[in-house]
Amino acid sequence: MIRFILSALFLLSYLLPTVALAAGDPPTVVPLNGQWRGPLKMLGGEITVVITIVPLTNGSYYAALDAPQQRISRMPVEVELKDDNLTLRIEQAGSSFVGKVLDGGATFQGTWKQPGVTAPMTLKRAVASAVAATKFKAIPPYRISDVTFVNPVTKQKLAGTVTVPAGEGPFAAAVLLSDSGPQGRDVDVNGYRMFGQLADYLTRHGVAVLRFDDRGVGKSGGTYANATTADLVSDAQAAMTCLRTQPLIAAYRVGLIGHGEGGNVALLAAATPSHAPAFAVSLGGYGQTGYDVLLRQQGEIMRLIGADPAQVKAAQDVYQRTVATIRQTPDNTKARLKVATLLSNTNAGIDAGMARARAVQLTSPWSRYFFDFDPLAQLGKVQCSVLLLNGTADLQVSARRNMTPLYRALRKAKRTAASYKLDGVNHLFQPAPAQWPMINGAQQPVFSPEALKLIYGWVANETRVPGGPQPVTVKRPGPTKPAKSGRTPATARASS
């Protein structure tokens, strides 16, 4: 594997959300929205770099970098766009791209820089295959409607899509909650529509679904950058209220399915007696404190890209000093000055602007909250049954370090819980690439079929009503089969 040489001393967790304001006047080119990919030539070969850029309603951008060959995903990117001049900064990697936006946004042409490498780079807009696009545009055998609803706490408008099975109803239903970082309702990652696929499967099998744009994304208002994990609970509750009032929905059988941070939002909502869901599903949710999650992720990423133990230790020392500084300095102006100075002094590979930008991110309300977030603290108050799922190939949220503590804490509190480890499944709940289907001559990523069956089977069992409606679109599956190798049911014993 070609090593993607990153700046080891500055690599902080890639879960910290980056929402970078466009500099200067509004861009005169078409607003950037989509995915661009291109080769990065290095000694011994090349790797593919993918940049995803999503415009936010306040005029800023959310962006992320993927390097599939290195198994690096969703590393935050800062976007600076003025006229046709584009700068992409990946502070965590000590890397940057400076160039021009050409052909109406179809091409980025410029220079990529990172420690030890300066190379020309051309990024081309990725276009979804006609076959894949047609697959999702085909009229499905269920009802689809766009909805808007208001969060009564923040007064902001949120927008989403409700899918309701064919048949008379009333149907059980689920709200989908996304992982960290502002996401659209489909959670599109390099053409893989994670929530689009999950919603389609559940609705075809008789469970209605609401998936919605996060704050400041798509047709939703508000600003995502300042929202903490706890703040997002009110969005989840507002979405449940909306779904409960939809035609053909059984209001008392509406639950939450959350991915990553969304899984923790679902659990926090489940611990609120007056607004508790009928069920909660956590897909790769955190079971460690935020501080420990970010520390361990940093080490995993650095080892993945080939950093030696001394580099890992040095980087984690910087991380620990940085968090300690933030905790000891409640005033953000002072904290940002201290953090920027610390980062500049410990890493020669970043400039003053990058250090200041990172200091702002690390002192955001989300970051300050997440450093001290303990996902186990409220589990004793959970009001519903919980399903926990994690993949053994998840490099961001280890099943052993996260799912197992969640399960044990729920069981200790005498709450109903089940957990499963899925062999070879990653954080995006994709199976191993060898299991992806071939579409138009190329393999296309899919949501793990095993995970889909587990989620549906569990939700159907939790919301089953004697003599309830049967969807007319598909044949209902029989009882869930006993767990196979690689799928460990933790209702019998905790996963490890």
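Residues numbered from 1 in each chain as written. Predicted model: local features only at pLDDT ≥ 70, side-chain atom pairs only at ≥ 80, totals over all residues. Heavy atoms only, no water.

(A) Layout of the overall build of the protein. Scanning the protein for helices and strands turns up eleven helices and 21 strands. Looking at the protein residue by residue over its 496 residues, the buried ones come to 56%. Of the accessible surface of the protein, which amounts to about 20,500 Å², a share of 54% is contributed by carbon and sulfur atoms. (Helix = DSSP H or I, 4+ residues; strand = E, 2+ residues; numbered from the N terminus. Buried < 20%, exposed > 50% of the residue type's maximum accessible area, 1.4 Å probe, protein only. Areas by Shrake-Rupley, 256 points an atom, 1.4 Å probe, with all protein chains shown as cover.)

(B) Geometry of the packing of helix H2 (residues 194–204) against helix H11 (residues 449–462). Two elements in contact, H2 and H11, have axes whose closest approach is 10 Å; the angle formed by their N-to-C orientations is 50°. With respect to H11, the axis of H2 lies oblique. Classified by chirality, the crossing of H11 by H2 is right-handed. Taken together, the residues of H11 that come into contact with H2 (itself represented by Leu 198, Tyr 201 and Leu 202) are Leu 452, Lys 453, Ile 455 and Tyr 456. The residue inventory of the contact of H2 with H11, partitioned by class, reads six nonpolar, no polar and one charged. (Axes fitted to C-alpha atoms, helices over the stretch in contact; angles between N-to-C directions. Parallel < 35°, antiparallel > 145°, perpendicular 65-115°, else oblique. Left-handed = near helix turned anticlockwise from the far one by under 90°. Contact = heavy atoms within 4.5 Å. Nonpolar A, V, L, I, M, F, W, Y, C, P; charged D, E, K, R; others polar.)

(C) Representation of H2. The buried count for H2 comes to nine of eleven residues, which makes it a mostly enclosed element. The set of residues buried in H2 consists of Met 194, Phe 195, Gly 196, Gln 197, Leu 198, Ala 199, Tyr 201, Leu 202 and Thr 203. Once H2 finishes, Gly 206 follows within two positions and takes phi at roughly 105°, a positive value.

(D) Spatial organisation of the packing of helix H6 (residues 309–328) against helix H7 (residues 332–346). Interaxial distance between H6 and H7 falls to 10 Å at its minimum, and their mutual angle equals 165°. Classified by the interaxial angle, the pair formed by H6 and H7 is roughly antiparallel. In this structure, the crossing between H6 and H7 has a hand that is right-handed. On H7, the residues touching Val 318, Arg 321, Thr 322, Thr 325 and Ile 326 of H6 are Lys 338, Val 339, Leu 342, Leu 343 and Thr 346. For the contact of H6 with H7, a count of residues per class yields five nonpolar, three polar and two charged.

(E) View of helix H4 (residues 261–270). Within H4, ten of the ten residues are buried, which leaves it mostly tucked inside the rest of the structure. By the burial criterion, the buried members of H4 are Glu 261, Gly 262, Gly 263, Asn 264, Val 265, Ala 266, Leu 267, Leu 268, Ala 269 and Ala 270.

(F) Here's a closer look at the pattern of salt bridges. Per the stated rule, a full pass over the model turns up eleven salt bridges. Between Asp 186 and Arg 211 there is a salt bridge, and its shortest N-O distance comes to 2.7 Å. Separated by 25 residues along the polypeptide, Asp 186 in the loop between strand S12 (171–177) and strand S13 (188–189) and Arg 211 in strand S15 (residues 208–212) bring together distant segments of the chain. Under the relative-accessibility criterion, Arg 211 is labelled buried at 10%. A salt bridge links Asp 235 to Arg 215, with the nearest nitrogen and oxygen atoms 2.7 Å apart. Taken together, the positions of Asp 235 in helix H3 (residues 231–244) and Arg 215 in the loop between S15 and H3 put the pair 20 residues apart, joining distant regions of the chain. Given a relative accessible area of 3%, Asp 235 falls into the buried group. When its relative accessible area of 7% is taken as the criterion, Arg 215 is described as buried. (Salt bridge = Lys/Arg side-chain N within 4 Å of Asp/Glu carboxyl O.)

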